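As a plain string of letters, each chain reads:
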Amino acid sequence: MTNVRLQSMLDVLTGLNVNEKLALAIAYLGEATAEIQQILSNYVDHSNAYVGTQNASGDDQLHLDVKCDEAVFRAIKASGVVSLAASEETPVETPCGATDGFAIGFDPLDGSSIIGANFSIGSIFGIWPNNGTNTLLGRTGREQVASAVSMYGPRTTICIALPPATVGNEKEPSSSSGVVMELTLVENGSKWKLSRESIKILPSGKVFAPGNLRASNDNANYDKLIKYWIAERYTLRYTGGMVPDVYHIFVKQKGVFCNVSSEKAKAKLRLLYEVAPMGLIVEIADGDTTHEAFDKSVLDVKLDDLDQRLGVCFGSKEEVA
């Protein structure tokens, strides 16, 4: 089954002229996604049991988070094209076997705190090329050669972003914007099928997802923005999980997602594992991103610390502006 599933994704990627090594890296993230889907489908412990350890960032770890983290590391090591990786659960640069291979930053399970309600949750992956430094520090999201977000719900899907430099085909031999596409896991998890050839975000759309809402209590600007959305009769679409909330923008092709901080409610989203990979997908899909503190794309923020966090806004360009 695994070889058929792996090949089904490779066929889609090679059809876009993605080079062999990058196609392998992405396809093995698809393998990790399929394994995580199985882990989640068989997860019946709703006690939110902790392992009894903390990751290097000081966060208590759930058994489920650790299992999913291990699944991703197994897959990327099996690919043979990844030199190092770091994750939200293992926030240290970990050797993955390849020489001169890719570097990957990932969140193996975004939204584990809402899984008890059987909400959709996801995984987030960013892929950086080797630049000779053998570290992700000092890099920016703009340097990614691909990123992906997997979503586990009634269906299991993976949304893949390919910048212009990594993709080209007969239909779009000189695409200036790159490609964002979606594949769905079908036939009892044995095969990936292209379900959306191209995802684009419209310039505007009256749908909002206000993350870290408690920050509005002592952040006057955030409070004002939320009241504006309500007064203008925007539709609220918020689950408490970054992946389903931003993925909803991809599916509906419009909307805005914010996760803003304040003095009492600090920034939660990590640049390496969540913000940069998701930001790449949003911008290649013709959306926009910005840092909460200044008018700058999140893809241009330099990674100074593996646990670096920031407030962000993603979505339709006119809504983010």
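This is a predicted model, so every value here is computed, not measured. (Residues numbered from 1 in each chain as written. Predicted model: local features only at pLDDT ≥ 70, side-chain atom pairs only at ≥ 80, totals over all residues. Heavy atoms only, no water.)

Explain the overall build of the chain here, please?
When you go through the chain residue by residue, the secondary structure sums to seven helices and 15 strands. Against the globule reference of 20 Å for 321 residues, the chain gives a C-alpha radius of gyration of 19 Å, in line with a compact fold. Along the first, second and third principal axes, the C-alpha set of the chain runs to 50 × 50 × 40 Å. Residues counted as buried form 58% of the 321 residues belonging to the chain. Within the chain, contacts between residues at least 6 apart in sequence are counted, and of these 62% link residues at least 24 apart. Split by element, the accessible area of the chain, about 14100 Å² in all, is 48% carbon and sulfur. Taking the 29 positively charged and 39 negatively charged side chains of the chain as two groups, their mean positions are separated by 5 Å. (Helix = DSSP H or I, 4+ residues; strand = E, 2+ residues; numbered from the N terminus. Rg over C-alpha atoms; globule rule 2.2 N^0.38 Å. Buried < 20%, exposed > 50% of the residue type's maximum accessible area, 1.4 Å probe, protein only. Contact = heavy atoms within 4.5 Å. Areas by Shrake-Rupley, 256 points an atom, 1.4 Å probe, with all protein chains shown as cover. Lys, Arg positive; Asp, Glu negative; His and termini not counted. Charge placed at Lys NZ, Arg CZ, Asp CG, Glu CD.)

Is there a simple way to explain the packing of aromatic side chains in this structure?
Two measures describe an aromatic ring pair: the distance that separates the ring centres and the angle between the ring planes. Tallied over the entire structure, the rule returns seven aromatic pairs. With 5.1 Å between their ring centres and 35° between their planes, Phe208 and Trp229 make a pair best called tilted. Placement of Phe208 in strand 11 (residues 207-211) and of Trp229 in helix 4 (residues 220-231) is noted, with a sequence separation of 21 residues between them. Phe208 gets classed as buried once you look at its relative accessible area, which sits at 5%. The exposure class assigned to Trp229 is buried, which follows from its relative accessible area of 2%. Each member of the aromatic cluster is reached from another via a ring pair, and the members are Phe208, Tyr228, Trp229 and Tyr234. (Phe/Tyr/Trp six-rings, centres within 6.5 Å; stacked < 30°, edge-to-face > 60°.)

For this particular structure, what's the right way to read the packing of helix 5 (residues 242-252) against helix 6 (residues 271-284)?
Helix-helix packing is characterised by the crossing angle of the two axes and by the distance between the axes. At a minimum axis separation of 11 Å, helix 5 and helix 6 run at an interaxial angle of 10°. Classified by the interaxial angle, the pair formed by helix 5 and helix 6 is roughly parallel. Residue-level contacts link Met242, Val243, Val246 and Phe250 of helix 5 to Glu274, Met278, Ile281 and Val282 of helix 6. (Axes fitted to C-alpha atoms, helices over the stretch in contact; angles between N-to-C directions. Parallel < 35°, antiparallel > 145°, perpendicular 65-115°, else oblique.)

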